[in-house]
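Each chain, letter by letter, is given below.
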Amino acid sequence: MVHKLKLSGHKGAVTCLSHSNSSFHGAQRKKRKSTQNKYPSCLLSGSEDGTSRLWDLRSGTRASLCILSPNREEVTSVGFHPNSRDFNASLDLMGHGQYPFTVFTSTTQGVYAYDLRQATSPIIVEPDNNLSDLVSEEINQMAFATAGVNAYLVVADDDGYARVVALDNFGENRSQGNFKSSDNCKALRHDTTSPNTLVTSVAFRPRSKTLDLAVAGTNCAVSLWDVNRHRRPLSSFSIQRDEEEGANQVCNPPVVHSLSWSPSGRLLAAGLGDGSASIMALEGRKLVESCRLRGGHDSSVSGVLFPQFGGTHSSHVAAEDRLVVTAGTDGTIMLWDIGSRTAGSAAVDPNTMFQDSKVEGEVLDTEGGEPMDEELEQPSVKSSPESKLLFGMNLEEGEKPNW
């Protein structure tokens, strides 16, 4: 059964989300499986109301902690610190707080870090560290990665740069508030041809021998970088207007709103402004479009994700590469099977995860626009060969997903 859980507390639109498990990449996910019972399953949300809230998903629908951003600025992105040393040590170095996390929030004016182990009140006012020297203009997104024992933070900025900072000494310096993010910042210029291009989304590639980063912007392009060789991108892929998409293309070019790597690190999904999603494959050091997911959304795709539900019995690194979730500003969420031709033969058919399932609430028929029966049928949509829509869900009237 697919359940919908409503978490109430924010007084404004929720702009961003992050789950505590999302801070693990590659080998660290194996460590998480062996220690998962030690860590609470938490969701962090940010809102236009100037607060971030931590939700303990074990304990119900009320927020456990509320973080007030400085000057109550709108929160644009949130995330959990991914460093395994810091994360594991936090179990033994807990302060008064019961949550072993350091979380980051970004606002229109800065980036802030909060050590939740030291929380003495359910309302947190002061950040433990201010990384605002990393900010030039408004930040659209943050992302995190680990390489060995080191952790990295990247911010997507309205000035056209993705800025990457190593958090190697963050754990030692944060208590004194003297961690200087600008001291080891690498600035990656996404589009050298136009000063007006905004960086809208960033995503570190998992299972990469180098520190690879995908950067996307309002120029309808995705650039791939090796952060350690940051003078120029490894490659750049321009997403073309899709003639098959019809009228929706006329007013909405394929601006990239969201990026997500597959668990294997071989595929990259991009949510586009024309209502479609592009699935790109990594061939050598270049991105090549493998398929386009069309016909599911009537307006732009604001979020895209390889969800890693863990419903497969295969231990292959590409086992969960076939399932993609898209969220649109039309108020719908779609689950797609991108097919074995794109995902590879090692990827498990996602139908096996849902074959005995039902959806609680409305399931969207993408052909007629009306709710279908609860059984998970297979609507016909104009997608690339082999890829198909598994099912879709309507949000409540007037609601649209931002993340």
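Above: the structure in question.
Everything in this summary refers to the structure shown in the same document. (Residues numbered from 1 in each chain as written. Predicted model: local features only at pLDDT ≥ 70, side-chain atom pairs only at ≥ 80, totals over all residues. Heavy atoms only, no water.)

Here we look at the overall build of the protein chain
Each helix and strand in the protein chain was counted, giving 6 helices and 27 strands. Every one of the 403 residues in the protein chain was classed for burial, and the buried ones make up 54%. The contacts in the protein chain between residues at least 6 apart in sequence include a share of 58% that link residues at least 24 apart. Within the structure as shown, the protein chain displays about 18,000 Å² of accessible surface, and the carbon and sulfur contribution to it stands at 46%. (Helix = DSSP H or I, 4+ residues; strand = E, 2+ residues; numbered from the N terminus. Buried < 20%, exposed > 50% of the residue type's maximum accessible area, 1.4 Å probe, protein only. Contact = heavy atoms within 4.5 Å. Areas by Shrake-Rupley, 256 points an atom, 1.4 Å probe, with all protein chains shown as cover.)

Here we look at the sheet that holds strand β1 (residues 14–19)
Within the open sheet, the 5 strands sit side by side as β1-β2-β3-β4-β8. Their pairing is mixed. The sheet is open, and its two borders are formed by β1 and β8 (123–124), each paired with just one other strand. Pairing between strand β3 (residues 51–56) and strand β4 (residues 65–68): 4 bridges, direction antiparallel. Its bridge partner lying in β4, T51 is registered against L68. (Pairing = 2+ DSSP bridges.)

Some remarks on the pattern of salt bridges
Where charged atoms of side chains with opposite charge meet at close range, the side chains can pair. According to the stated counting rule, one finds 10 salt bridges in the structure shown. R163 serves as the salt-bridge partner of D157, at 3.2 Å between the closest nitrogen and oxygen. Accessibility assignment for this pair places D157 and R163 in one class, buried. Through salt bridges with shared partners, a single network forms among D157, D159 and R163. (Salt bridge = Lys/Arg side-chain N within 4 Å of Asp/Glu carboxyl O.)

Topic: the sheet that holds strand β10 (residues 139–147)
Reading across from one edge, β10-β11-β12-β13 is the order of the 4 strands in this open sheet, with antiparallel pairing throughout. Unpaired on one side and paired on the other, β10 and β13 (185–189) mark the two borders of the sheet. Taking the axes of each pair of neighbouring strands and ignoring which way they run, one obtains an average angle of 20° across the sheet. When β10 meets strand β11 (residues 150–157), the two strands line up antiparallel, connected through 8 bridges. Across the sheet, A145 pairs through a bridge with Y152, a residue of β11. (Axes fitted to C-alpha atoms, helices over the stretch in contact; angles between N-to-C directions.)

Focus: the environment of L68
Tracing the sequence through the fold places L68 in strand β4. The partly exposed category is assigned to L68, whose relative accessible area is 21%. Measuring from C-alpha to C-alpha, the distance between L68 and I123 comes to 7.3 Å, with 55 residues separating the pair along the chain.

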